[in-house]
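A structural walkthrough
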Amino acid sequence: MMKKQILAAAIYPVIVFPLAIVWHLILFKDKYMAFGYFEGEPNIVVGLATMVIQGAVLAAIYPMFKVRRTGYPRAFQFAGLLGLFFWTSHVLALVAKQSVPNASTFVLMETFYLGVQFGLFALALGFIFRGETRVNVAV
């Protein structure tokens, strides 16, 4: 189990870091600058460190996620739940804390981005933890 958790922790930044760079700093950089998403230049090192910590936390709690599903359905349920948490603390919190020009576009873009991010992570979790047949009791 520990090997799977380490792999899951490692794969999270491998998926998320390039996606974040391409999405926020290449494809839509001007949009995000207009949203006020960045104050000055983004700190890439701190961003990567954040993703490493997030990956470690998500991988640590995934085995504790008790549902009746296994495999990919369990992974998507976990990623959906945690993705919703990230969405509220990342997207809605930014809109609540500051005036975001064209906030509805920002919310839509970040919702799509986080959907891709957590969808890819769910696919990775489902693959890493494939073959587990233990059915957990719903909590």
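Sequence order as written defines the numbering, with residues in each chain counted from 1. With the structure being a predicted model, the display of local features is reserved for residues of pLDDT at least 70 and the display and counting of side-chain atom pairs for 80 or more, all residues being used for whole-chain, interface and lining totals. The side-chain numbers reported here are obtained from all heavy atoms of the structure, hydrogens and water having been left aside.

To continue, consider the overall build of the chain. Where helices and strands are cited, they refer to DSSP runs of H or I of at least four residues and of E of at least two residues respectively, numbered from the N terminus. Looking only at helices and strands, the chain has five helices and zero strands in total. Scanning the chain from its N terminus toward the C terminus, one meets helices and strands in the order α-α-α-α-α. Projected onto its principal axes, the C-alpha positions of the chain cover 50 × 25 × 20 Å. Burial status follows relative accessibility: with a 1.4 Å probe on protein chains alone, a residue under 20% of its type maximum counts as buried, one over 50% as exposed, and anything between as partly exposed. Taking all 139 residues of the chain together, the buried fraction comes to 35%. Residue contacts are counted whenever heavy atoms from the two residues lie within 4.5 Å of one another. A separation of at least 24 residues holds for 76% of the contacts in the chain among residues at least 6 apart in sequence. Under the convention used here, a 1.4 Å probe and the Shrake-Rupley method define accessible areas, while residue burial counts only the protein chains that appear. Here the chain has roughly 8,000 Å² of accessible surface; of this, 71% comes from carbon and sulfur atoms. His is not counted, nor are the chain ends, whereas Lys and Arg count as positive and Asp and Glu as negative. A charged residue contributes its charge at one atom only: NZ of Lys, CZ of Arg, CG of Asp or CD of Glu. Within the chain, the 5 negative side-chain charges are centred at a point lying 21 Å from the centre of the 11 positive side-chain charges.

Any helix carries an expected span of 1.5 Å times its number of residues minus one. The first and last C-alpha atoms of helix H1 (residues 2-27) sit 37 Å apart over 26 residues, in line with the 38 Å expected at 1.5 Å per residue. By the burial criterion, the buried members of H1 are Gln5, Ala8, Ala9, Tyr12, Pro13, Ile15, Val16, Leu19, Ala20, Trp23 and His24. Considering only its buried residues, H1 is in contact with helix H2 (29-35), helix H3 (44-61), helix H4 (71-97) and helix H5 (103-128).

For the rest of this paragraph, the subject is the confidence of the model for the chain. pLDDT expresses, on a scale from 0 to 100, how confident the predictor is about each individual residue. Here the chain averages 92 in pLDDT, and 95% of its residues register 70 or above. The secondary-structure element of the chain with the lowest mean pLDDT is H2, recorded at 93, while H5 shows the highest, at 97. For residues 135-139, every residue scores under 50 in pLDDT, and the model assigns this stretch 14 contacts once sequence neighbours within four places are set aside.

Think of it this way: a Phe, Tyr or Trp ring, Trp meaning its six-membered ring, pairs with another when their centres are within 6.5 Å, and the plane angle makes it stacked under 30 degrees, edge-to-face over 60, tilted otherwise. Scanning all chains against the criterion turns up 16 aromatic pairs. A ring pair is formed by Tyr37 and Phe38, whose centres lie 5.0 Å apart and whose planes are at 85 degrees; its orientation type is edge-to-face. Residue classification places Tyr37 among the partly exposed residues on the basis of a relative accessible area of 22%. A centroid spacing of 4.9 Å and a plane angle of 55 degrees characterise the contact between Tyr62 and Phe129, whose relative ring orientation is tilted. Residue Tyr62 is located in the loop between H3 and H4, and its partner Phe129 is located in the segment after H5; the two are separated by 67 residues in the primary sequence.

Now for the packing of H1 against H5. Lines fitted to C-alpha atoms define the axes here, with helix axes fitted over just the stretch in contact, and angles between the N-to-C directions of these axes take values from 0 to 180 degrees. Following both chains from N to C, one finds H1 and H5 inclined at 155 degrees, their axes separated by 10 Å at the closest point. Viewed along their axes, H1 and H5 adopt a mutual orientation that is roughly antiparallel. Two packed elements cross with a definite hand, and for H1 against H5 that hand is right-handed. In this structure, H1 contributes Lys4, Leu7, Ala8, Ile11, Tyr12, Ile15, Val16, Leu19, Ala20, Trp23 and His24 to the contact, and H5 contributes Met109, Glu110, Phe112, Tyr113, Val116, Gln117, Phe118, Leu120, Phe121, Ala124, Leu125 and Ile128. Three classes are used: nonpolar for Ala, Val, Leu, Ile, Met, Phe, Trp, Tyr, Cys and Pro, charged for Asp, Glu, Lys and Arg, and polar for all others, with Gly counted as polar. Broken down by class, the residue content of the contact of H1 with H5 amounts to 19 nonpolar, two polar and two charged. An angle below 35 degrees is read as roughly parallel, one above 145 as roughly antiparallel, one from 65 to 115 as roughly perpendicular, and any other as oblique. Note on convention: near helix rotated counterclockwise from far helix by under a right angle means a left-handed crossing. Clockwise means right-handed.

Here the focus is the nonpolar core. Ranked by internal contacts, the top residues of the largest apolar core, which has 36 residues, are Tyr12, Leu58, Phe78, Phe118 and Leu125. For this core, the secondary-structure elements that each account for two or more residues are H1, H2, H3, H4 and H5. Sorting elements by how many residues they give to this core places H5 first, with ten residues. Look past the residues within four positions of Phe78 in its chain and what remains in contact with it is Leu58, Ile61, Tyr62, Phe65, Phe121 and Leu125. By nonpolar core we mean a set of buried residues, namely Ala, Val, Leu, Ile, Met, Phe, Trp, Tyr and Cys, connected to one another through side-chain atoms within 4.5 Å.

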